[in-house]
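# Reading the structure
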Amino acid sequence: MAIFALIVAFSAVAIVYKAISVFVRTKLRVTLTAVDDIPLLGTPRKDGLKIKGTAVVCGGSIAGLLTARVCSDHFENVAMIEPEESVMTAEGLDDHGEKIAIAVQKRPRVPQYAVFHGFQFFMTIGLRKMFSNFDVELAKTGSYLISGDAKMHWSGLPFSTGSDQSPLNARTLVNLTRAGLETLLRRLVLSSCPNVKYVLGSVTALNKSETSDAISSVRIRSGVGDESTLPAALVVDCTGPALGGLRWLKALLSASTTGNAEEIKLLESLKITYDPKMAYTGCDFEITPELIHSLEALGFPAGFQTAGFLYVGFANPKMDKRNVIIGRKGRRAIQVAVGGWDVRERMTSIDDIKKFLSQLVLSRPLPEWIPRMLELFDQEHIIPTYVYSRCPASVYVQYHLAKDLPSNFIAIGDSVLQLNPVRGQGCTKACVEAVTLNGLLIKCTATPTGDTKGPENILPRDFSRKFFHLQAKRTGALWDTYKSEDYSWKTTTPAKGDDLQRTSAWQRAYGYALTQLVSQDPEVYGVWWHTYHWIAPPTDLLSPKIILKLAWMQLQRCLVS
């Protein structure tokens, strides 16, 4: 009888624990990810009416295009303010990034424009929901979806991805160059959103409403210097590293009769920065049809014709500071990107690349096909095109800590958070934020309510605050994650008040041990994969099961030593 009672008690505890776990994880998923907001994309507004006025999107790159697509469902009009005239030319709308193999830098304001990009699974499902014809238009570019297995390695050790039949290895990731994605999005937005209009120029200032705490209009300077004013129901800063929004808000506060030095100082303190001194060279090799057969004979990963990532190698911070990433750049090029933390060498020849790879400090050597590939390129006299990039410092504008921001001002993408690009999450980060914006806008009515001060303030007074707080939880957490890794190298210039060794020390130690476990355990790799691709909360990596596995791994090592 006592045994039966114990079994019943244990079962009850297990059921309660399971129920609490499911409840807590659901709350974390809803708060820390935007995956539950994806089904809301494109759904009709409850009142059937669009919000009056114009949503002004400042910037027409990836973040601006995604934001414009979302705003088109909610506002009568959307204006994209873009300073570069070339994006609306025939060339700017052509998918030149997929049709030519050489590295090109046709967007001087976008540092990563000509470099190989990675896009997470969240991006795929988000774009499919935003554009019903996305797969068809993607195929027209000559591109395709690639395996979810990005061939990631840590110090030469492959991540433990499980069998090739694993759902994680299905073809779920968009394979486009940065240039190809931007031009495809631009064509999709212009063809599917008739209320989105391009305005050539740059936003120079914000005008505050006289009857509410909202922005009433923006001032625009055209390419020839003409000034104009555009009324705004919502202002979205998508100017990227230019940080236009922070500059405009500071000017607005300085011009205000109620503004004071303390408020301006508080606004300036929102911006924090550190410099990982990341640099790399992208080496593009044009691949002719005749060369493909020779490449396949080298022992490439299976399916070279439809491959994306071929080898992604990250450094073990206790051993090295160099990374190497190899992948198909469109259908007609392979890019070998080499660099790392405070790596100053610039590649100017195939011999330079060979020397760089020979200096890597790895737990397992590079696959044999990599040096063979370079030898083949050398023998065939394929001269690569080189693009060197010294990445800017990482920047985080902590708008969620601001006080009394205009109620209809928000910022998306690199205008809020600029990260070390080594993990390739920048574009998906912008997509997560655009989906988050949609989730808030769909709750806003199209007419003023009691929560507003006047007819100019269509959006709720707490709209900006709600967005920035949700943004900080969903994408802002990356700041600490990336910083904890970048602080592994003593060459990094830390943020003001930080110490390279002590700041984020526990997170760095946990991340180091977790990476080791991911390279050994397919189950843990699956959890990591879902968090990396933005479809599960990062707190999943702190589950009791994973913590126990980490403890067991460390115990085994102690026993062996």
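Residues numbered from 1 in each chain as written. Predicted model: local features only at pLDDT ≥ 70, side-chain atom pairs only at ≥ 80, totals over all residues. Heavy atoms only, no water.

## Let's talk about the overall build of the chain
Along the backbone of the chain there are 18 helices and 20 strands. Look at the contacts in the chain between residues 6 or more apart in sequence, and 73% of them connect residues 24 or more apart. With the model as given, the accessible surface of the chain reaches about 25,000 Å², and the carbon-plus-sulfur share is 59%. Here the chain holds 62 positive side-chain charges and 53 negative ones, and the gap between their average locations is 5 Å. (Helix = DSSP H or I, 4+ residues; strand = E, 2+ residues; numbered from the N terminus. Contact = heavy atoms within 4.5 Å. Areas by Shrake-Rupley, 256 points an atom, 1.4 Å probe, with all protein chains shown as cover. Lys, Arg positive; Asp, Glu negative; His and termini not counted. Charge placed at Lys NZ, Arg CZ, Asp CG, Glu CD.)

## Quick notes on the sheet that holds strand β18 (residues 394-397)
The strands making up a sheet are joined through hydrogen bonds of the backbone, oriented either antiparallel or parallel. Read from one edge of the open sheet, 3 strands run β12-β18-β20, paired in antiparallel fashion. Both edges of this open sheet fall to β12 (271-274) and β20 (417-418), since each of them pairs with a single strand only. With 4 bridges connecting them, β12 and β18 associate as antiparallel partners. Directly across from Lys 271, in β18, lies its bridge partner Val 397. (Pairing = 2+ DSSP bridges.)

## Section: the environment of Pro 167
Looking at the element boundaries, Pro 167 is found in the loop between β5 (157-158) and β6 (171-175). Along the sequence, Pro 167 and Asp 149 sit 18 residues apart, while their C-alpha atoms lie 9.9 Å from each other.

## Concerning the sheet that holds strand β8 (residues 202-208)
One open sheet accounts for 3 strands, arranged β8-β9-β10; its pairing is antiparallel. If you trace the sheet from one side to the other, it starts and ends with β8 and β10 (227-231), each paired once. Within the sheet, the average angular offset between the axes of one strand and its neighbour, ignoring direction, is 30°. Both β8 and strand β9 (residues 215-221) contribute to a ladder of 6 bridges, which runs antiparallel. Its bridge partner lying in β9, Lys 208 is registered against Ile 215. (Axes fitted to C-alpha atoms, helices over the stretch in contact; angles between N-to-C directions.)

## Examining helix α13 (residues 426-441)
The terminal C-alpha atoms of α13 lie 23 Å apart, and with 16 residues this matches the ideal 22 Å at 1.5 Å per residue to within 8%. Most of α13 is tucked away, with 15 of its 16 residues classed as buried. (Expected span 1.5 Å × (residues − 1). Buried < 20%, exposed > 50% of the residue type's maximum accessible area, 1.4 Å probe, protein only.)

## Observations concerning the pattern of salt bridges
Overall, the coordinates contain 28 salt bridges when judged by the stated rule. The partner of Glu 137 in a salt bridge is Lys 140, and the shortest N-O contact between them spans 3.1 Å. Within this pair, Glu 137 and its partner Lys 140 are both found in helix α6 (residues 134-140), separated by 3 residues, close to a single helical turn. With a relative accessible area of 18%, Glu 137 lands in the buried category. (Salt bridge = Lys/Arg side-chain N within 4 Å of Asp/Glu carboxyl O.)

## Structural notes on the side chain of Lys 483
Note that Lys 483 resides in helix α15 (residues 478-486). Every residue in contact with Lys 483, bar those within four places of it in the chain, is listed here: Tyr 274, Asp 498, Thr 503 and Ser 504.

## Section: the confidence of the model for the chain
Scored by pLDDT, the chain has a mean of 88; 90% of the residues are at 70 or more. For residues 96-103, every residue scores under 50 in pLDDT, and the model assigns this stretch 29 contacts once sequence neighbours within four places are set aside. (pLDDT = per-residue confidence, 0-100.)

## With respect to unusual backbone geometry
In this model, His 381 sits at a positive phi of 55°, which is unusual for a non-glycine residue. With respect to the helices and strands, the residue His 381 is situated in the loop between α12 (369-379) and β17 (385-390). Residue His 381 is classed as exposed on the basis of its relative accessible area of 69%. Within the chain, Trp 534 stands out as a residue other than glycine whose phi angle is a positive 70°. By the element assignment, Trp 534 lies in the loop between α17 (522-532) and α18 (544-560). On the basis of relative accessible area, Trp 534 is assigned to the buried category, the value being 8%.

## Concerning the nonpolar core
Counting 132 residues, the largest nonpolar core has Leu 66 and Tyr 399 as its most contacted members. The element best represented in this core is α13, accounting for 9 residues. Excluding residues within four positions of it along the chain, Tyr 399 makes contact with Gly 245, Leu 246, Leu 249, Leu 270, Leu 405, Phe 409, Ala 411, Ser 415, Val 416 and Phe 468. Tyr 311, Val 336, Phe 356 and Met 373 belong to the second-largest nonpolar core, a separate cluster that totals 32 residues. (Core = buried A, V, L, I, M, F, W, Y, C linked by side-chain atoms within 4.5 Å.)

## Points about the packing of aromatic side chains
What describes a pair of aromatic rings is the distance from one ring centre to the other and the angle between the planes of the rings. According to the stated counting rule, one finds 15 aromatic pairs in the structure shown. Considering the side-chain rings of Trp 154 and Tyr 512, the 5.2 Å spacing of their centres and the 75° angle between planes classify their relative orientation as edge-to-face. Pair noted here: Trp 154 is in strand β4 (residues 152-154) and Tyr 512 is in helix α16 (residues 505-518), with a separation of 358 residues, a long-range link. Pair check on accessibility: Trp 154 and Tyr 512 agree, each one buried. Measuring from ring centre to ring centre gives 3.7 Å for Trp 341 and Trp 489, while their planes differ by 10°; the resulting arrangement is stacked. Residue Trp 341 is found in strand β16 (residues 333-341), and its partner Trp 489 is found in the loop between α15 and α16; the two are separated by 148 residues along the sequence. Assessed through its relative accessible area of 1%, Trp 341 is described here as buried. Given a relative accessible area of 7%, Trp 489 falls into the buried group. (Phe/Tyr/Trp six-rings, centres within 6.5 Å; stacked < 30°, edge-to-face > 60°.)

## Topic: helix α10 (residues 289-296)
Those residues of α10 that fall on the buried side of the exposure criterion are Leu 291, Ile 292 and Leu 295. The buried residues of α10 all sit within an arc of 115° when viewed along its axis, so they share a single face. Projecting away from the buried face of α10 at angles above 90 degrees are the exposed residues Glu 290 and His 293. Each element contacted by the buried residues of α10 is listed here: β16 and α12. (Arc of directions from axis to C-beta.)

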